[in-house]
Amino acid sequence: MASETNYNSWTKTGLIQRLKELESELKTRPAPPAQQPEPRNETPGAVPTGVDAAALTKVKPPKGKRKMDPSRYSTRYIAIKLAYLGKNYGGFEFQAMGNQPSIEEELWNALTKSCLIFPDDEKVVQFDCCEYSKCGRTDRGVSAFGQVIGLRVRSNRPLPVKRVKLDESEAVEQDAARTEPRPDEMEEDTEETKPFDDIKDELCYPRILNRLLPKDIRALAWCPSPPPDFSARFSCRERQYRYFFTQPAFAPEPAIPEPPPGSSGSKIKAGWLDIAAMRDAAKRFEGEHDFRNVCKIDPAKQITNFRRRIFESDIVEVKDASTALPYLRNASFAAPGIDNGPYPKVYYFHVRGSAFLWHQIRHMVALLFLVGQGLEAPSLVSELLDVSKNPCKPSYVMAAEVPLVLWDCIFPDLRDEVSSAPVDAAERKDAMQWIYAGDEYAPNKFGQFGLMDGMWELWRERKMDELLANQLLRQMSQQGSLQDGSGQVSGKASVGARVYEGGNSVRLGGKYVPVMKKELLQSPEEQNDKYAKRKGYADAEDMRAQKGIGRRKDDEANADEEPILNRLSLLFHPSLVQALPGAPPHRLNNPPPRQQAREHDDDVVLALDDDDEVVAHLEPAEGLVDEDVLDLGRGDEARGGAGKVRLGRLGRLDAQPAQHQQRLVRVHAQAEQVEDGGGGGQQQRQRDALRGAR
């Protein structure tokens, strides 16, 4: 009996196609014959009475899609930069049981329809067939203008010509009965008859995908030659986000400025934001801090390290993006001290960092909005970042998701990361050689069906909605009078606090309760222990030990945009060699086609982070072989006292964690067991080596 098909990972398009196939199959089945008395004196070949003649006619099944033979095409590994508006999608990552389509599902449909990838089953979303990696996972409703993926796709490069091997004693003319030579008699001709241009002669991947993707998902550029062992997730060293909002944030009332209930007493007109105070609060996020009070905890990930480094955090005005509403300059609506420029204006919260925790940015923006409305002081940010005094997070609401955009992802030259002179984060530049749509052929950008043509249609559709709403709002503001019969302004200040959270409306909260006086949630350690006990473990530490979860690995799995380690010490841990279970991790057995052998396949050193955990994705540095450890620094203080590095023949470390991360975690766990295993000369030397590395 055949096993039942699992439809959970099928795409919506695949399910619809399957439903049509089943309906077509039902139509081809003849109707069950009705029980009737046996007819007499029937003419041979005549249709029995009561049976539809059309039902007996054989219906040809619909022609299926002609499959391409992958062996007839060459492939190449590329990187693609994507942009999408996420309001109508359930996030970037494919979810089998999601209520909304995901970006990856639409991308999968486009890749399979264009035959750029060759999965075993096009209906099942499974990116394992193409060495797929993604830079970040945006949540439901979040957009991205610089998302990056890496994958292996079909190429236009011709395959090497194979010729038949001919011995000197063999005749030139082959036997006529032998039409095809055996595979062992074939040899590849490495000489190319015509040079192949990686750009002009290659498929235009953005144009192919944009013809099949929805209008609100666009392929902006592609990189023909990513660095060796490139990973869109682990090679990224910086991610930039922008959160857009308007000034005023919501419709102001024609009332005298009054301090919001429960605030410190600063007079902020309802609907308007104090941009200077927001900028002061935003600057307090810069640097390395523990953000456990400015994120959402997921106990299933068992995260333990909440320290993240923010390179830049600021409030920036968007120029030439406002649609003026003249009534906002009326003295009854305008906020005190504003300039005479057109309003509303558009601003965005700009933040740059190497990694972010789950919902971290939306929590940061929520605090900035409270400060901008005068409900909180800028010092609130400093209080929440001081986890020694405030180890538990207050229960406050994070900002809405739609205005958030993953603006860009930076992939610097990784060779600079292991140089003796560390690169300043502010000077870090993208080293990817992007080929943007239109660079190879101008009509791909500005011509019919080009990138700009499709995006203009989408923009104009949304612009008309904005324009009509703007004109209606203008007309409504000019109708009637702002004063009642007594000559006083008819509006009054709201009794309760109106809290803006980034959405299209405000939340009525009654008397405002300051953040630091709100109910406290459980600490991350308490939430982790509670979850672990509910799953049958003694505590969170027992769960992490049994499941082989390391702290650094958990941080990467839990982040909105997975953490990337910036300050690494390339150290060789002597105890790891003796703790290796059997053969060392080796990648020379069936390596991927895009990974070439290197000179240091055997003599390498392990890469450890500040917690002495193995970093599986870091490329071993040739410069460390038989040389002193580089002084990369730890924070703002230099790391000193590094001696000679012992070499070990461990085999080449792979840059793809999908292959070796689990094993390296087990190696590190066994090394810790050896270290804590008791007395003994060899174990004592291992402990001394570990202390020296730290």
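Structure: above.
Description of the structure in this document. Along each chain, the written sequence defines residue order, and numbers are assigned to residues from 1. Thresholds applied to this predicted model are a pLDDT of at least 70 for local features of residues and 80 or more for the giving and counting of side-chain atom pairs; totals over whole chains, interfaces and linings are not thresholded and use all residues. Just so you know, side-chain values use all the structure's heavy atoms and leave hydrogens and water out.

1. Observations concerning the overall build of the protein
A run of DSSP states H or I qualifies as a helix once it reaches four residues; a run of E qualifies as a strand once it reaches two. Both are numbered from the N-terminal end. Looking only at helices and strands, the protein has 15 helices and 16 strands in total. Buried, partly exposed and exposed residues are distinguished by accessible area as a fraction of the type maximum, computed with a 1.4 Å probe on protein chains only: under 20%, between the cut-offs, and over 50%, respectively. Classification of the 694 residues of the protein by burial places 44% in the buried group. Should any heavy atoms of two residues lie within 4.5 Å, those residues are counted as being in contact. Put simply, of all contacts in the protein between residues at least 6 apart along the chain, 77% involve residues at least 24 apart. As displayed, the protein offers around 38,700 Å² of accessible surface, 50% of which is attributable to carbon and sulfur atoms. Residue-level accessible areas treat just the shown protein chains as cover; the underlying method is Shrake-Rupley with a 1.4 Å probe.

2. Section: the pattern of salt bridges
Any carboxyl oxygen of Asp or Glu within 4 Å of a side-chain nitrogen of Lys or Arg constitutes a salt bridge here. Considering all chains together, one arrives at 25 salt bridges under this definition. For arginine 352, the salt bridge goes to glutamate 238, with nearest N and O atoms at 2.7 Å. With arginine 352 in strand 10 (residues 345–353) and glutamate 238 in strand 7 (residues 238–247), this pair connects stretches of sequence that are 114 residues apart. In this structure glutamate 238 comes out as buried when scored by relative accessible area, which is 1%. Sharing partners across several salt bridges, the network here consists of Arg76, Arg157, Asp198 and Glu202.

3. Observations regarding unusual backbone geometry
When glycine is set aside, most residues are seen to have a negative phi, and most peptide bonds are trans. Here the bond from glutamine 247 into proline 248 is cis, since omega is 5 degrees, no more than 30 degrees from zero. Mapped onto the elements of the fold, proline 248 is located in the loop between strand 7 and helix 5 (275–283). The phi dihedral of aspartate 229 is positive, around 60 degrees, even though this residue is not glycine. As for its position among the elements, aspartate 229 is in the loop between strand 6 (217–223) and strand 7.

4. Some details on the nonpolar core
Buried Ala, Val, Leu, Ile, Met, Phe, Trp, Tyr and Cys residues that are joined via side-chain atoms within 4.5 Å together make up what is termed a nonpolar core. In terms of nonpolar packing, the biggest core is built from 93 residues, with Ile80, Val148, Leu151, Phe245, Phe285, Ile315 and Phe349 touching the most fellow members. Ranked by residues supplied to this core, first place goes to helix 6 (residues 360–372) with 9 residues. Here the limits of each domain have been adopted from an automatic or database domain assignment. For this core, the two domains that each supply at least three residues are domain 1 (71–156 + 198–236) and domain 2 (238–250 + 269–409 + 451–472). In this view, isoleucine 80 contacts Gln147, Val148, Ile149, Leu151, Leu209, Ala219, Ala221, Trp222 and Trp434; residues no more than four positions away in its chain are not counted. Formed by 5 residues, the second largest nonpolar core is a distinct cluster that contains Leu325, Leu328, Ala335 and Tyr343.

5. Brief notes about the environment of glycine 136
Position of glycine 136 relative to the elements: it lies in the loop between strand 2 (133–134) and strand 3 (143–154). As a C-alpha pair, glycine 136 and glutamine 147 span 11 residues in sequence and 7.0 Å in three-dimensional space.

6. Regarding the packing of helix 5 against helix 6
A fitted line through C-alpha atoms serves as each axis, taken over the contacting stretch for helices, and the angle formed by two N-to-C directions is quoted from 0 to 180°. With their axes 8 Å apart at the nearest point, helix 5 and helix 6 run at an angle of 145 degrees to one another. Crossing geometry of helix 5 relative to helix 6 is assigned as right-handed. Contacts between helix 5 and helix 6 involve Ala277, Met278, Ala281 and Ala282 from the former and Leu368, Phe369, Val371 and Gly372 from the latter. Charged means Asp, Glu, Lys or Arg here, nonpolar means Ala, Val, Leu, Ile, Met, Phe, Trp, Tyr, Cys or Pro, and polar covers whatever is left, Gly included. Split by residue class, the contact of helix 5 with helix 6 holds 7 nonpolar, 1 polar and no charged. Should the near helix be turned counterclockwise from the far one by less than a right angle, the crossing is left-handed, whereas a clockwise turn marks it as right-handed.

7. Some points on the packing of helix 10 (residues 524–534) against helix 11 (residues 540–547)
Axis separation between helix 10 and helix 11 bottoms out at 7 Å; the angle between their running directions is 65 degrees. When helix 10 is examined against helix 11, the residues Asn528, Asp529, Tyr531 and Ala532 are found in contact with a partner set consisting of Ala540, Met543 and Arg544. Residues belonging to the contact of helix 10 with helix 11 are distributed by class as follows: 4 nonpolar, 1 polar and 2 charged.

8. Structural notes on the packing of aromatic side chains
Between 30 and 60 degrees the pair is tilted, below 30 it is stacked and above 60 it is edge-to-face, where a pair is any two Phe, Tyr or Trp rings, Trp via its six-membered ring, whose centres lie within 6.5 Å. Applying the stated criterion to the full structure yields 18 aromatic pairs. Here phenylalanine 145 and tryptophan 407 contribute two aromatic rings whose centre-to-centre distance is 5.3 Å and whose plane-to-plane angle is 55 degrees, an arrangement assigned as tilted. One end of the pair, phenylalanine 145, is in strand 3; the other, tryptophan 407, is in strand 11 (residues 404–410), and 262 residues separate them in sequence. What makes phenylalanine 145 partly exposed here is its relative accessible area of 32%. Ring geometry for tryptophan 456 and tryptophan 459: centres 4.8 Å apart, planes at 50 degrees, overall tilted. Taken together, the residues tryptophan 456 and tryptophan 459, both in helix 9 (residues 451–478) and 3 residues apart, mark about one turn of the helix. Of the residues examined, tryptophan 456 reaches a relative accessible area of 52% and is grouped as exposed.

9. Side note on the environment of leucine 368
With respect to the helices and strands, leucine 368 occurs in helix 6. Taking the C-alpha atoms as reference points, leucine 368 and methionine 278, separated by 90 residues in sequence, lie 5.4 Å from one another. With residues near it in sequence (within four places) discarded, leucine 368 still touches Met278, Ala281, Ala282, Phe285, Ile315 and Phe349.

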